[in-house]
Amino acid sequence: MTQITIDTVSKTYPNGTKALKEVSCTISPGEAVILLGHNGSGKSTLFKCLGGFEPITGGTIHIGDTEISHLSFSQRRPFRKKMGTIFQHFHLIPTLSVLQNVLFGTLGETSFVFPALAPFASQETREKALHCLERVNLAEYAGTRSDELSGGQKQRVAIARMLMQDPEIVLADEPIASLDPRAGHEVMELLWEIVSERNLTLICVLHQIEIAKQFGDRVIALKHGSIISDTRVNTLDEDF
Ligand code: ADP
Ligand code: ADP
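None of the values given here were measured: they were computed from a predicted structure.

Student: I would appreciate a short explanation of the confidence of the model for the protein chain in the present structure.
Tutor: Residues shown with low pLDDT carry predicted positions that ought not to be read at fine detail. This prediction gives the protein chain a mean pLDDT of 90; 91% of its residues lie at or above 70. No element of the protein chain has a lower mean pLDDT than helix 4 (residues 110–113), which averages 48, and none a higher one than strand 2 (residues 18–27), which averages 98. Interface confidence for the predicted complex, expressed as ipTM, amounts to 0.73; the pTM equals 0.85.

Pasting the structure below:
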């Protein structure tokens, strides 16, 4: 299991915006961390830097013993495989079935190049995909087109797709921001159950403090690109 060490990480965008200013924290294996903050505080930027979607402009990010931020795209591949991602807007392929979308979890990066590969998945891979769908309580929707699902169901498909790659680390960027409160609560509860039962590390960007209090072990709050607090959930103030 892998520790994540973020050391004095800065990110200045080409237009000069300083989105992260010397951010440091260490995330232990199996920890569930909520990144909290208002719009523009740098949460998504930190998420993108951790996921390797954006280069950092200062500091280091270690996954285990390896400094990942200076690796090339292809050198970073094994680390991307360790990390499962889910996003606010689900990133499903709307015209394909739920099962086909989940199958893309094993195809990884090639899925964007060869979406047509999904029909040729092995029997074993299909069974695994169905098993992942069962875990998110959507097995009976395997053949449904994903654009016919509700928002909450779509996010559960995205969770199933993420499980296909057997991640050690789950990166979630505002996973409930597009959902109504009830569906959002259900999705967070499911995500929390899954990371707990598999002892996965969770890094979840949220802006709702009430949700953070219910589902995280630890809340890291960002403001103007800096960490303003880093606390165990059970010690958060009421008026935080
Ligand atoms: P949050 O996720 O907390 O809303 P972001 O990380 O998206 O915050 O943004 C932090 C700051 O960086 C904001 O001022 C935002 O406008 C800016 N920013 C985000 N992405 C870019 C980008 N691609 N180019 C320039 N500035 C950006
Ligand atoms: P989403 O709704 O998918 O979370 P975001 O709000 O994170 O979308 O931003 C969408 C895109 O716009 C991202 O690629 C982000 O980097 C970029 N972006 C966000 N803020 C800025 C900004 N101030 N200037 C330029 N690009 C930005």
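So that's the structure; there's more coming.
Student: Please explain the sheet that holds strand 2 as it appears in this structure.
Tutor: The strands that make up a sheet are held in pairs by hydrogen bonds between backbone atoms, and each pair lies either parallel or antiparallel. Ordered by their spatial adjacency, four strands build an open sheet running 2-1-4-5, and the pairing between neighbours is antiparallel. This sheet does not close on itself; its edge strands, each paired only once, are strand 2 and strand 5 (66–67). Strand direction decides the pairing type here: strand 4 (residues 58–63) and strand 5, joined by two bridges, are antiparallel. Among the inter-strand pairings, His 62 is bridged to a residue of strand 5, identified as Glu 67.

Student: What is the right way to look at helix 1 (residues 43–51) in this model?
Tutor: Given 3.6 residues to a turn, an α-helix orients residues that are three or four positions apart in the same direction. Burial runs high along helix 1: seven of the nine residues are buried. Within helix 1, burial applies to Lys 43, Thr 45, Leu 46, Phe 47, Cys 49, Leu 50 and Gly 51. Just downstream of helix 1, Gly 52 is the residue with a positive phi angle, here 80 degrees.

Student: How should I be thinking about the packing of helix 6 (residues 151–163) against helix 7 (residues 181–197) in this particular structure?
Tutor: Packed helix pairs are specified by the crossing angle of their axes together with the interaxial distance, meaning the distance between the axes. Taken N-terminus to C-terminus, the directions of helix 6 and helix 7 make an angle of 15 degrees; their axes are 9 Å apart at the nearest point. With respect to helix 7, the element helix 6 is oriented roughly parallel. For the crossing formed where helix 6 meets helix 7, the hand is right-handed. Judged by residue contacts, Gly 152, Gln 155, Arg 156, Ile 159, Met 162 and Leu 163 of helix 6 engage Ala 183, Glu 186, Val 187, Leu 190, Leu 191 and Ile 194 from helix 7. Residues that form the contact of helix 6 with helix 7 fall into these classes: eight nonpolar, two polar and two charged.

Student: How do you make sense of the environment of Arg 80 when you look at a structure like this?
Tutor: Structurally, Arg 80 is set in helix 2 (residues 77–82). C-alpha of Arg 80 to C-alpha of Thr 5: the two residues are 75 residues apart in sequence and 16 Å apart in space.

Student: In this structure, what is going on with the packing of aromatic side chains? I would like to understand it.
Tutor: Each aromatic ring pair is characterised by the separation of its centres together with the angle its planes make. Tallied over the full model, the rule gives three aromatic pairs. When the ring of Phe 47 is compared with that of Phe 87, the centres are 5.9 Å apart and the planes differ by 75 degrees; the resulting orientation is edge-to-face. Here Phe 47, found in helix 1, pairs with Phe 87, found in strand 6 (residues 83–87); they are 40 residues apart in sequence, far enough to count as distant. Taking 6.2 Å as the distance between ring centres and 55 degrees as the angle between the ring planes, the aromatic pair formed by Phe 53 and Phe 87 counts as tilted. Taken together, the residues Phe 53 in the loop between helix 1 and strand 4 and Phe 87 in strand 6 connect sequence positions 34 residues apart. The rings of Phe 47, Phe 53 and Phe 87 are connected pair by pair, giving a single aromatic cluster. Above the ring of Phe 73, the side-chain terminus of Arg 80 is found at 3.8 Å from the ring centroid.

Student: Before we go on, may I ask you to explain the site of ligand 1 in this structure?
Tutor: Neighbouring ligand 1 are Tyr 13, Asn 15, Thr 17, Ala 19, His 38, Asn 39, Gly 40, Ser 41, Gly 42, Lys 43, Ser 44 and Thr 45. Contact between ligand 1 and Ser 41: an oxygen atom at 3.0 Å from a side-chain N or O atom of the residue. Contact with the protein chains hides 65% of the accessible area of ligand 1, taken as 560 Å² for the molecule alone. Among the elements that make up the shell around ligand 1, the one with the highest residue count is helix 1 (three residues).

Student: What should I look at first to understand the pairing of strand 4 in this one?
Tutor: It is a general feature of regular strands that their side chains alternate between the two faces of the sheet. As paired elements, strand 1 (residues 4–12) and strand 4 share five bridges and run antiparallel to each other. By the bridge assignment for strand 4, Ser 10 is matched with Gly 58. Between the end of strand 4 and the start of strand 5, which pair antiparallel, lie two residues, with Gly 64 showing a positive phi angle near 60 degrees.

Reading guide: rules and limits
- Here the residue numbers are simple positions, counted from 1 along each chain's written sequence.
- Ligands are numbered from 1 and chains lettered from A, in the order in which they are written.
- For a predicted model such as this one, the threshold for reporting local features is a pLDDT of at least 70, and the threshold for listing and counting side-chain atom pairs is 80 or more; totals across whole chains, interfaces and linings nevertheless cover every residue.
- Side-chain metrics in this entry use all non-hydrogen atoms of the structure; hydrogen atoms and water are not considered.
- Values of pLDDT, the confidence the predictor places in each residue, fall between 0 and 100.
- The way it works is that DSSP assigns letters per residue, a run of H or I at least four long becomes a helix, a run of E at least two long becomes a strand, and they are numbered from the N terminus.
- Strand pairing is assigned whenever DSSP detects at least two bridges linking the two strands.
- Relative accessible area decides the class of each residue, using a 1.4 Å probe on protein chains only: under 20% of the type maximum gives buried, over 50% gives exposed, and in between gives partly exposed.
- Each axis is a line fitted through C-alpha atoms, taken for helices only over the stretch in contact, and angles between the N-to-C directions span 0 to 180 degrees.
- If an angle is under 35 degrees, it is roughly parallel; if it is over 145, roughly antiparallel; if it lies from 65 to 115, roughly perpendicular; otherwise it is oblique.
- In this scheme the handedness of a crossing depends on how the near helix is turned from the far one: anticlockwise by less than a right angle means left-handed, clockwise means right-handed.
- Here, residues are in contact when the closest pair of their heavy atoms is within 4.5 Å.
- Basically, the charged four are Asp, Glu, Lys and Arg, the nonpolar ten are Ala, Val, Leu, Ile, Met, Phe, Trp, Tyr, Cys and Pro, and anything else, Gly included, counts as polar.
- Classification of ring pairs uses Phe, Tyr and Trp, with its six-membered ring standing for Trp, and accepts pairs whose centres are within 6.5 Å; under 30 degrees between planes counts as stacked, over 60 as edge-to-face, and the remaining range as tilted.
- When the NZ atom of lysine or the CZ atom of arginine is within 6 Å of a ring's centre and also within 35 degrees of its normal, the charge is said to sit over that ring.
- In these notes, residues near a molecule or strand are those with any non-hydrogen atom within 4 Å of it.
- For the purposes of these results, a polar contact is taken to be a pair of N or O atoms within 3.5 Å, where, inside protein, one atom must be able to donate a hydrogen and its partner to accept one; residues adjacent in sequence count only when each atom of the pair is a side-chain atom.
- What sets the accessible areas is the Shrake-Rupley method with a 1.4 Å probe; for residues, cover comes only from the shown protein chains.

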